[in-house]
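# Structure assessment
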Amino acid sequence: LISAGGDRLTVSWRPTFPDRTESCRFVCDAGNGGHYRNVRTLGKELRSEEGEYRCDISGLAPGREYRVLAIARTTFKPCHGALTMFDTKGVFATIASPPERPAPPVLSSRTRTALKIRWVAPSGCGRDITGYEVQVCKGATSTAGEDATADEVWEAITDAAESKTSVRLQAKKLTPGEVYGFRVRATNEVGWSVWSEPALYSTAASVPSAPTALSVAPPPGDAVGGQLCVKWEAAVGNGDPVSAYILEQDDGAGGSYTVIYNGPEESFLVSGLMAGRTYKLRVKACNSEGQGQYSTVLEASGKSSPPAKCEAPTLVRAKSHALSLRWAEPDCRGSEIKGYRVMLSEGKVGADTPNLFSKVWNGAERACEIATGLLPGRKYSVRVVALNAVGDSAPGGIATFETEPEVPAPPQSLVVVNKGMASVRLRWRAPEGGGGRPLMGYRIEVEEAGQGSRAINVGPTVLEHEVTDLQLDRMATAIYTVRVRAINKVGIGAPCDMIRLSPTLAVPCPPSAPRLHSAKPTALSVVWDPPKQGLPGMALQAPVEGYRIEVVEEAGYSGDGVVMVYKSDECRADLPNLRPGVSYRVRVQAKNKSGLSERSAVGVFRTESPIQAPSRLQTTLVPGVDGGPELLVALCTWERPEGQQTMTYHVEVDEGGEGSADFYEVYVGKEAQYSLTLHPGRSYKFRVRAETAAGSSAWSVIKGFSRSISSHGCPENVAARLLDDNRTAVFTWQPPTGVVATAYQVRVDLQEGKKRRDDEGFEYLRADLPEGSHRFQVRSMVNGKWSEWCREVHLSIPSYGGGGSNGMGSQHSRDAPILPVFFER
């Protein structure tokens, strides 16, 4: 041995035969008699000047004996030829040192106030461990050992129940829920080891401590009477954060406590305190472990102010003229509520319009019925004001309710406007009360003495109606009573005062259709023939006093004229203030003391236009965007009128086929073309007119085109005639050839009738058609599909004594009126 340290040995070996020694290998055991390990092999060139082989052995444990061998390799050759190996052994000891650094202590058990820890005994480094020192740090946050922060304070602790060399320790009298750091070190005869790394453990949590400093705090700016603000200091959580505070209050008369607040805040605004009473309050804290102790009791008195604002009332029951309400009691603010005031406003009113409310009820109850001045089906806004000895509360929340609707009141002022031989025109005014729901119409009840009654329903905007099918000529004996009722969604109202109708002179016959006398750009002059009188079987008529003329643009025709003028008995009228280039429909009614006649036939006349109509209308059928055979588009084009620069075109299309005149507008624009998607099985017509700032042109000629299905399957041999009474029209046909038709449908004047089975015959009779010309068509159902309508057949029904027609015209006597005759184009 040359030298010894705590973890190393330096040894040397001098060979017996230096010249014959080639190398020296040093090996060492583990210090406990175990296996040897190679340390180092030195060649003879590494010998010292003294001829020794030296070796440093490191990584040894302090205070332990080690066996070291020096194995020499020589050049001696024994009989078997191997090199001779010599060894020698020495036993050496390292120097003893303080114990090794212990491992961090681990937790064995814990309670709210104690922690039990243990650790593993470290190596004594050649000497027996004679004791341990344990330190604790409250609130430690670092496990850095020697690098712990300077704020951490470590204190030594002992456990009288354990010996000095025990590896267990119990720390007592700790704070619940607090984190503690523990470290340990060992000692032997040489000295103390290094401190172990700290280990952090916490005690079990406990319920919070009692809050402190419960007192009255300054009230907030919006505090009112009956309120008191209290506060307290936060309680200690004892290892678990405080989650809520429970504030309790007695009734001010020594009664039991009740909870008035449960939440995380450390203050609360107590309400509902009555003036003149002393209240007791206390508070406790809560966490996940449970509820802590109560604080000291605080005694305080309440003050008063006007009541709090009432909430919006609720509806108990709604009637047509009354509302039953109730509401919740508001906070009295320290003074008992003496009564309530109910305010009402018609309609839905906001809180920003208080002046619209008026008082409708006073009382001490929290419910009332408002039964004065309410109308059915109306909305009303209601609010409540509370009163106490201090004053009135602010106006409460607003609620809107609706009274129940009822049937409407009777119509007013029923009068007869015109009276004829078979009709009477009535007029009335709308009822004063609609029952709270919009009117849906009127019912006219006509009762004939001894013959029963009938009802006629009209729309809600109709305040004038003509009742027909009466017998009021001077030869009749019928007596009628008429009254009117209003109808809404609830039901039918009471009737108005009835009026009596008795026979009188007949109204005039209708005049002839007007004829054009002259036309100007802004005016038309028309003439007509007066009504016929004195014919056989005709009732006596009062003299004609004048005429009523109805004028309406043909494009906006809806049945009634928009311009109505009363003229003298002269059969001529000038119609001014018309638009240039516009077609007008004109019809005339005669008037006498008994009333107005039926309207005459319509005459269509056109004012002169400074603009020419578009011309050269063309249609080209092209495939649609998808290119399929089922989609075709008609490209409609026309030529711009000469002499016009800027104009707008109006295009109208009719899909009704032959004989139809139901045009509707499909395009308004400046381009001289329009694309129309075609539907299979339909025929089309279109027309165009131009419009500029100067006016509108006439309609162009009508251009027709078709994408119809084959006319195969149409009925054949279609004809129309009149029976001998000159009133009944008979329309006949024959089944289509080559197919089987299962049903037929007839339309008269483009009005389609009901479907007829094939076993109902091939004849159609109508005895209710008015005088004049009518158009008949029929189609058949083949294989579940309707065919095209057949060609139109025209038939004229004469006014008086006229002969029949076969569809090509009418035969009349010399005295019969001349009627228009229509032909198929």
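Located above this text is the structure these notes cover.
The structure presented is a predicted model; accordingly, all values stated were derived computationally and were not measured.

### Some remarks on the pairing of strand S22 (residues 298-301)
Strand residues, when the strand is regular, have side chains that alternate between the two faces of the sheet. Burial along S22 is one-sided: Leu298 and Ala300 are buried, and none of Glu299 and Ser301, which face the opposite way, are. Pairing between strand S20 (residues 278-287) and S22: four bridges, direction antiparallel. For Lys280, the partnering residue across the bridge sits in S22 and is Glu299.

### Comments concerning the environment of Gly377
With respect to the helices, strands and loops of the structure, Gly377 is situated in the loop between strand S27 (367-370) and strand S28 (379-388). Its relative accessible area of 12% is what places Gly377 among the buried residues. Between the C-alpha atoms of Gly377 and Pro405, which are 28 residues apart in sequence, the distance is 4.1 Å. When sequence neighbours within four positions are dropped, the list of residues in contact with Gly377 reads Glu402, Thr403, Glu404, Pro405, Gly435, Gly436 and Arg437.

### Some remarks on the side chain of Ser335
Following the sequence through the fold, Ser335 ends up in the loop between strand S24 (323-326) and strand S25 (337-346). A residue is classified by how much of its surface remains accessible, and Ser335, at 11% relative accessible area, is buried. Not counting the four nearest positions on each side in its chain, Ser335 is found in contact with Met274, Ser304, Asn388, Ala389 and Val390.

### Quick notes on the sheet that holds strand S1 (residues 3-4)
The sheet built from three strands is open, its strands ordered S1-S2-S5 with antiparallel pairing. For this open sheet the edge positions go to S1 and strand S5 (53-57), each flanked by a neighbour on one side alone. When strand S2 (residues 9-13) meets S5, the two strands line up antiparallel, connected through five bridges. Each residue of the ladder has a partner; that of Ser12, found in S5, is Arg54.

### So, the pattern of salt bridges
As enumerated under the stated definition, the model contains 31 salt bridges in all. Between Glu22 and Lys44 there is a salt bridge, with the nearest N and O atoms lying 4.0 Å from each other. Of this pair, Glu22 sits in strand S3 (residues 21-28) while Lys44 sits in the loop between strand S4 (37-43) and S5; the two residues are 22 residues apart in sequence, bridging distant segments of the chain. Residue classification places Glu22 among the partly exposed residues on the basis of a relative accessible area of 29%. For Lys44, a relative accessible area of 37% translates into the label partly exposed. Close ionic contact of Glu792 with Arg775 constitutes a salt bridge, the shortest N to O distance being 3.6 Å. Taken together, the positions of Glu792 in the loop between strand S60 (785-786) and strand S61 (793-797) and Arg775 in strand S59 (residues 772-782) put the pair 17 residues apart, joining distant regions of the chain. In the salt-bridge network here, residues are joined through shared partners; they are Arg425, Arg427, Glu464 and Glu466.

### So, the packing of aromatic side chains
In this structure the tally under the stated criterion is 16 aromatic pairs. Here Trp119 and Tyr132 contribute two aromatic rings whose centre-to-centre distance is 5.5 Å and whose plane-to-plane angle is 70°, an arrangement assigned as edge-to-face. Of the two residues, Trp119 sits in the loop between strand S9 (115-118) and strand S10 (131-138) while Tyr132 sits in strand S10, which places them 13 residues apart along the sequence. You can call Trp119 buried: its relative accessible area is 7%.

The rules we used
Residues numbered from 1 in each chain as written. Predicted model: local features only at pLDDT ≥ 70, side-chain atom pairs only at ≥ 80, totals over all residues. Heavy atoms only, no water. Buried < 20%, exposed > 50% of the residue type's maximum accessible area, 1.4 Å probe, protein only. Helix = DSSP H or I, 4+ residues; strand = E, 2+ residues; numbered from the N terminus. Pairing = 2+ DSSP bridges. Contact = heavy atoms within 4.5 Å. Salt bridge = Lys/Arg side-chain N within 4 Å of Asp/Glu carboxyl O. Phe/Tyr/Trp six-rings, centres within 6.5 Å; stacked < 30°, edge-to-face > 60°.

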